[in-house]
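What the coordinates show
As a plain string of letters, each chain reads:
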Amino acid sequence: MSESPLTSASHKALMQEIAKRRSFAIISHPDAGKTTLTERILRAGGAIQMAGNVRAKGERRRTRSDWMGIERDRGISVVTSVMTFEYGGCIFNLLDTPGHEDFSEDTYRTLTAVDCAVMVIDAAKGIEERTRKLFEICRLRDIPIVTFINKMDREAQDCFGLLDEISASLALDTAPATWPIGRAAQFVGTYDLRTRAKHFIAAPLPDDDSRMVQLAEELELVEGALSPFDHDGFNEGHLTPVFFGSAMKEIGVTDLLDALVAYGPAPRAQPAETREVKGDEPGVTALVFKIQANMDPNHRDRIAFARVCSGRLYRGMRLKHVRSGKQFALHTPQFFFARERQLAEEAFAGDVVGIPNHGTLRIGDTLTEGEDLRFTGVPYFAPEILRRVRLDDAMKAKKLRQALVELAEEGVVQLFRPQDGLAPIVGVVGVLQLDVLQSRLKAEYGVAIGFESTPFTMARWITGQDKAIEAFSLAQRSAMADDIDGDPVFLASSAFMLRRTIDMTPDLTFHDIKQIGTQKI
Ligand code: G4P
């Protein structure tokens, strides 16, 4: 499996490669400037070519009606792209998160693959709804957050007020890392609170310029009243360093990148069932956090996106697929750069590789060099909308079954097979997922479906002794289903019914989150 025991020189080289990795995502409310900042970051990292693709995506998103024509534009389903660039001696992987709020599960899974998130806030608007939601997802995993307050070149809220808003509304300590020099049209640069360096986009201002006088006054307050940067607090996700800037005018962008180089974090430890896996362990481990089928309509391919969690992965190596216990050969691991792909000869902890496969790999799966280890923290959330699938052409029942399984494995919807044998039920967190399911079934499988309501509004996974589950399933047959892994799920018609059932069934536990990847097949 591993090529040979690591010599101390190659061990050192491996550690250096891993320590250089910076994998992050950008989270923001629409229009806060995520696309613009991504472009500027890629440009700073010398990846201008890709920046064009990012912009193209931004424009697609603006014309919302377009992406509903899925065959024309796969913008919403082609959700994972990784943009890789070098900056300051580090290798950055910027993972693009799905664009629409309905895809919270997908977003969550993507965020399991990053070590840090950059939260972009519009300086005039402060914390907005979508930012808050994404932040909460990051908090579930204590992902370190770096804040970029964007659009300082426009009329903005007071900087102290913005810092207060972040700490009060997100319960997150703030430590300003830079301070703006000038405001709105007069915004010309930043002051680095750590190094005391001033960065101007044009010529430096003289000390008696009114903006420098304002800066000096504010710095007294900032340095006296605000907390300094605390590395542990940042790594644990309790404290965010805050940068002020303008993505559009390219002010503050390198401040942000320099901080990611300096503060990291490098690949973080990942929780697994038996132990925590450190990023700098020499043995390779990887976690499948996303499946994407039919990315290329000409080849019905299925790509599993895996984050390398430790060690070095190389093309041609064989890894253990822990769920099945079988060996899995990595013949053609790939890197995905925006829409381009390229064979990955090697990848290190923190990198994301795409692994073509025919259904062996599922979301939540772990690959190792032999250890029986299962990464945790990739969950299914209990769906809030449950619909029965109505097939228009009965001849296509078999095709529909297969298609639903494939799309459920991808995480497009959750699939429940009622134990009473009635038509399958799909569960989603956001209603838009139903539209996507319908369009993809039609476009990729040629199956037309509709949806019918069900009496159910909630789903809960149940665990307990086999006998207790059996008895419960018999008694509740019309409200029981099996999920895609064959695990039993109770479907409730209302919160009241659910509560009553839970009270009356003390020998079973009802779960609204299921950890995936940890069940046996
Ligand atoms: P998003 O991906 O978060 O949705 O935001 P995006 O970057 O697309 O930016 C939204 C709008 O805000 C864009 O304007 C963009 O140019 C503008 N913008 C982004 N960063 C800054 C900044 O630092 N300062 C100012 N003043 N504006 C900024 P638009 O008119 O919607 O699009 P476009 O015509 O510029 O492409």
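Our subject in this report is the structure included herewith. (Residues numbered from 1 in each chain as written. Predicted model: local features only at pLDDT ≥ 70, side-chain atom pairs only at ≥ 80, totals over all residues. Heavy atoms only, no water.)

So, the sheet that holds strand 26 (residues 425-428)
Strand order in the open sheet made by the 8 strands is 27-24-26-25-29-30-28-31, with antiparallel pairing throughout. Every other strand in the sheet has two partners, leaving strand 27 (449-453) and strand 31 (508-511) as the edge strands with one partner each. This sheet shows a mean twist of 40° between the axes of neighbouring strands, independent of strand direction. Bridging between strand 24 (residues 385-391) and strand 26 involves 4 bridges; their strand directions are antiparallel. The residue bridging Arg388 from the neighbouring strand is Ile425, located in strand 26. Relative to the sheet, helix 13 (residues 466-475) contacts strand 28 (458-464), strand 29 (480-482), strand 30 (488-492) and strand 31, its axis offset from that of strand 28 by approximately 145°. (Pairing = 2+ DSSP bridges. Helix = DSSP H or I, 4+ residues; strand = E, 2+ residues; numbered from the N terminus. Axes fitted to C-alpha atoms, helices over the stretch in contact; angles between N-to-C directions. Contact = heavy atoms within 4.5 Å.)

Notes on the pairing of strand 30
The side chains of a regular strand alternate, residue by residue, between the two faces of the sheet. Of all 5 residues that make up strand 30, 5 are buried, and the element is covered over most of its length. On strand 30, burial covers both faces: Pro488, Phe490 and Ala492 on one face and Val489 and Leu491 on the other are all buried. The pairing of strand 28 with strand 30 spans 4 bridges and is antiparallel. When the sheet's bridge partners are listed, Met458 is paired in strand 30 with Ala492. Pairing between strand 29 and strand 30: 3 bridges, direction antiparallel. Each bridged residue has a counterpart across the sheet, and for Asp482 the counterpart in strand 30 is Pro488. Here strand 29 hands over to strand 30 after 5 residues, with Gly486 in that stretch at a positive phi of 85°. (Buried < 20%, exposed > 50% of the residue type's maximum accessible area, 1.4 Å probe, protein only.)

As for the site of the ligand
Taken together, 19 residues sit near the ligand, with Asp31, Lys34, Thr35, Thr36 and Asp153 positioned nearest. Between the ligand and the protein, one listed contact pairs a nitrogen atom with a side-chain N or O atom of Arg154 at 3.1 Å. Between the ligand and the protein, one listed contact pairs an oxygen atom with a backbone N or O atom of Met248 at 3.1 Å. Burial of the ligand by the protein chains amounts to 76% of its free accessible area of 700 Å². Looking at the shell around the ligand, the elements that each hand over two or more residues are helix 2 (34-44) and helix 3 (48-62). A class-by-class count of the residues in the shell around the ligand yields 4 nonpolar, 7 polar and 8 charged. (Near = heavy atom within 4 Å. Polar contact = N/O pair within 3.5 Å; in protein donor to acceptor, adjacent residues only side chain to side chain. Areas by Shrake-Rupley, 256 points an atom, 1.4 Å probe, with all protein chains shown as cover. Nonpolar A, V, L, I, M, F, W, Y, C, P; charged D, E, K, R; others polar.)

Describing the packing of aromatic side chains
This model, assessed by the stated rule, comprises 12 aromatic pairs. Measuring from centroid to centroid gives 5.0 Å for Phe85 and Phe92, while their planes differ by 0°, and the two rings are stacked. Take Phe85 and Phe92: they sit in the same class, and that class is buried. Between the aromatic rings of Phe472 and Phe510, the centroid separation amounts to 5.9 Å while the plane-to-plane angle is 85°, which identifies the pairing as edge-to-face. With Phe472 in helix 13 and Phe510 in strand 31, this pair connects stretches of sequence that are 38 residues apart. Phe510 carries the same exposure label as Phe472, and that label is buried. Each residue in the set Phe24, Phe85, Tyr87 and Phe92 is aromatic and connected to the rest through ring pairs, giving one cluster. (Phe/Tyr/Trp six-rings, centres within 6.5 Å; stacked < 30°, edge-to-face > 60°.)

Description of the sheet that holds strand 9 (residues 198-200)
In spatial order, the strands read 7-8-9; together these 3 strands make up an open sheet with antiparallel pairing. The open sheet has two edge strands with one neighbour each: strand 7 (178-181) and strand 9. Geometrically, the sheet is characterised by an average inter-axis angle of 25° between neighbouring strands, direction not taken into account. The sheet contact formed by strand 8 (residues 189-192) and strand 9 spans 3 bridges and is antiparallel. Paired with Thr190 across the strands is His199, a residue of strand 9.

Section: unusual backbone geometry
The step from Gly264 to Pro265 runs through a cis peptide bond, and the omega angle for that step is 0°. Even without glycine at this site, Asp142 takes up a positive phi of about 50°. On the secondary structure map, Asp142 appears in the loop between helix 6 (129-140) and strand 5 (145-150). If you check the backbone angles, Glu250 has positive phi at about 55° while not being a glycine. Locating Glu250 in the fold gives a position in the loop between strand 10 (239-244) and helix 10 (253-263).

A short note on the pattern of salt bridges
Once their charged atoms are close, side chains differing in charge can pair, the charge on each being opposite to the other. Counting across every chain of the model gives 26 salt bridges. Residues Arg211 and Asp209 are paired through a salt bridge, measuring 3.0 Å at the closest nitrogen-oxygen approach. The same class applies to Arg211 as to Asp209, namely buried. Between Asp485 and Arg362 there is a salt bridge whose closest N-O contact spans 2.5 Å. Taken together, the residues span a long stretch of sequence, with Asp485 in the loop between strand 29 and strand 30 and Arg362 in the loop between strand 21 (352-356) and strand 22 (366-368) at a distance of 123 residues. Given a relative accessible area of 17%, Arg362 falls into the buried group. (Salt bridge = Lys/Arg side-chain N within 4 Å of Asp/Glu carboxyl O.)

Quick word on the pairing of strand 2 (residues 82-87)
Pairing between strand 2 and strand 3 (residues 90-95): 6 bridges, direction antiparallel. In the strand pairing of strand 3, Glu86 is matched with Ile91. Here strand 2 hands over to strand 3 after 2 residues, with Gly88 in that stretch at a positive phi of 55°.

Some points on the nonpolar core
The biggest cluster of nonpolar side chains holds 49 residues, and the ones touching the most others in it are Leu111, Met119, Ile149, Ile166, Trp179, Ile181 and Phe244. When residues in this core are grouped by element, the largest group, 6 residues, is from helix 7 (residues 159-170). Two domains share this core, each providing at least three of its residues, namely domain 1 (21-77 + 117-263) and domain 2 (271-376). The contact partners of Met119, leaving out residues within four places of it in the chain, are Ile27, Thr131, Phe135, Ile145, Val146, Thr147, Phe148, Ile166, Leu170 and Leu172. In terms of nonpolar packing, the next biggest core, distinct from the first, is built from 43 residues, Ala382, Val389, Leu437 and Leu508 among them. (Core = buried A, V, L, I, M, F, W, Y, C linked by side-chain atoms within 4.5 Å. Domains from an automatic or database assignment.)

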